[in-house]
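Examination of the molecular architecture
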Amino acid sequence: MSPGDRTEERLVAVVVTASMSAATPPGIDPQSFLTAVVEDTYELVSGLDFVTPALVTSVPGLEEIVWPGTPVLEIPELSGAPLVRAAFEALSAAAPYAGQVVLLSGDAPDLPPLLIGKLFRALGSAGLAVCPAVEGGAVAIAARTPWPAWAEIGFDDPEPVRTLRALAPDSQRVATGPGWHRLRVPADVHRLDPGLEGWDNTRALLSV
């Protein structure tokens with residue numbers, strides 16, 4: 001691929017940290033829960049057309065849940081803006097000609113794939129786009145490459161769109177799409193939509 005093809009490559013990376021096991025319900029092994037949730041999140045990404053899936057993780061051993069050939073990039077255990085920046089930089093190094101990148105928090109196993117498509121669509125006119133999370137934060141953060149120096153944002157920023165628009169040279173550079181939920185505390189498993197297809201591993205674990 002040449003630099004002239006840059007804008008045609010779309011990358012969606014599932015971002016995983018050990019802190020995501022904090023949503024484990026009582027009576028379930030935290031590592032098993034984290035693995036199930038991340039695998040479901042990865043599988044929704046791997047089923048998308050015209051995108052390259054990837055895994056960015058501070059948790060070892062997760063290469064076993066991805067399809068052969070999927071980039072698995074290790075980063076330190078981070079949070080906030082340093083996590084987002086480290087994930088984006090790792091992906092830029094691994095796929096330097098990716099023109100559009102979505103960072104998807106690994107704790108969104110029942111996210112409708114359509115919402116990722118909406119983020120890519122928003123990047124047609126904006127430099128960044130956010131899928132907000134219920135009760136604050138972001139489910140996914142999308143950006144055209146390179147990651148802008150002014151964008152200091154984390155997945156758990158209470159109001160990520162407002163924060164980014166305040167930092168941006170032009171507020172129109174930041175778009176927002178429909179929101180969704182994440183699994184951040186044990187009670188959040190009740191937000192999972194039983195009517196949606198997918199999230200089979202998490203569903204099976206919660207049904208035991």
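Refer to the structure above for everything that follows.
Predicted model, so just to flag it, every value in this text is computed and none were measured. (Residues numbered from 1 in each chain as written. Predicted model: local features only at pLDDT ≥ 70, side-chain atom pairs only at ≥ 80, totals over all residues. Heavy atoms only, no water.)

Describing unusual backbone geometry
- P146 follows T145 through a cis peptide bond whose omega is 0°.
- In this fold, P146 is placed in the loop between β6 (138–144) and α4 (160–167).
- Within the chain, F50 stands out as a residue other than glycine whose phi angle is a positive 65°.
- Tracing the backbone through its elements, the reader meets F50 in the loop between α1 (30–46) and β2 (52–57).
- Using a relative accessible area of 77% as the deciding quantity, one classes F50 as exposed. (Helix = DSSP H or I, 4+ residues; strand = E, 2+ residues; numbered from the N terminus. Buried < 20%, exposed > 50% of the residue type's maximum accessible area, 1.4 Å probe, protein only.)

A few points about the pairing of strand β5 (residues 128–132)
- Within β5, 4 of the 5 residues are buried, leaving the element largely enclosed by the surrounding structure.
- In this sheet, β6 lies alongside β5 in antiparallel orientation, the contact comprising 5 bridges. Bridging across to β6, P132 finds its partner in A138.
- Hairpin connection, β5 to β6: the antiparallel pair is bridged by 5 residues, and E135 has positive phi, about 65°.
- Where β5 and strand β7 (residues 174–176) come together, 3 bridges link them in parallel fashion. Its bridge partner lying in β7, L128 is registered against V174. (Pairing = 2+ DSSP bridges.)

Considering the sheet that holds β5
- What the 7 strands build is an open sheet, ordered β3-β2-β1-β4-β6-β5-β7; its pairing is mixed. Looking at strand neighbours, the two that pair on one side only are β3 (72–74) and β7, the edges of this open sheet. Neighbour-to-neighbour, the strand axes of the sheet open up by a mean angle of 20°, direction not taken into account.
- Note: strand β1 (residues 10–16) against β2, 6 bridges, orientation parallel. If you follow V15 over to β2, its bridge partner there is V56.
- Along the sheet, α4 makes contact with β5, β6 and β7, crossing β7 at roughly 165°. (Axes fitted to C-alpha atoms, helices over the stretch in contact; angles between N-to-C directions. Contact = heavy atoms within 4.5 Å.)

A word on the packing of α1 against helix α5 (residues 200–207)
- Their axes nearest at 7 Å, the elements α1 and α5 cross at an angle of 150°. The pairing of α1 with α5 is recorded here as roughly antiparallel in orientation. Contacts between α1 and α5 involve S32, F33, A36, V37, E39, D40 and E43 on the former and, on the latter, D200, N201, T202, L205 and L206.
- Partitioning the contact of α1 with α5 into residue classes produces 5 nonpolar, 3 polar and 4 charged. (Parallel < 35°, antiparallel > 145°, perpendicular 65-115°, else oblique. Nonpolar A, V, L, I, M, F, W, Y, C, P; charged D, E, K, R; others polar.)

Here we look at the pattern of salt bridges
- Taken as a whole, this structure holds 7 salt bridges when the rule is applied.
- Between R191 and E135 there is a salt bridge; the shortest N-O distance is 2.9 Å. Note that R191 is positioned in the loop between β7 and α5 and E135 in the loop between β5 and β6, a separation of 56 residues in sequence.
- By relative accessible area, E135 is classed as exposed at 69%.
- Residues R184 and D156 are paired through a salt bridge, measuring 3.3 Å at the closest nitrogen-oxygen approach. (Salt bridge = Lys/Arg side-chain N within 4 Å of Asp/Glu carboxyl O.)

A short note on α1
- Compared with an ideal rise of 1.5 Å per residue, which puts 17 residues at 24 Å, α1 spans 24 Å between its outermost C-alpha atoms and is within 8% of the ideal.
- Taken as a whole, α1 has its buried residues at F33, L34, A36, V37, V38, E39, D40, T41, Y42, L44 and V45. (Expected span 1.5 Å × (residues − 1).)

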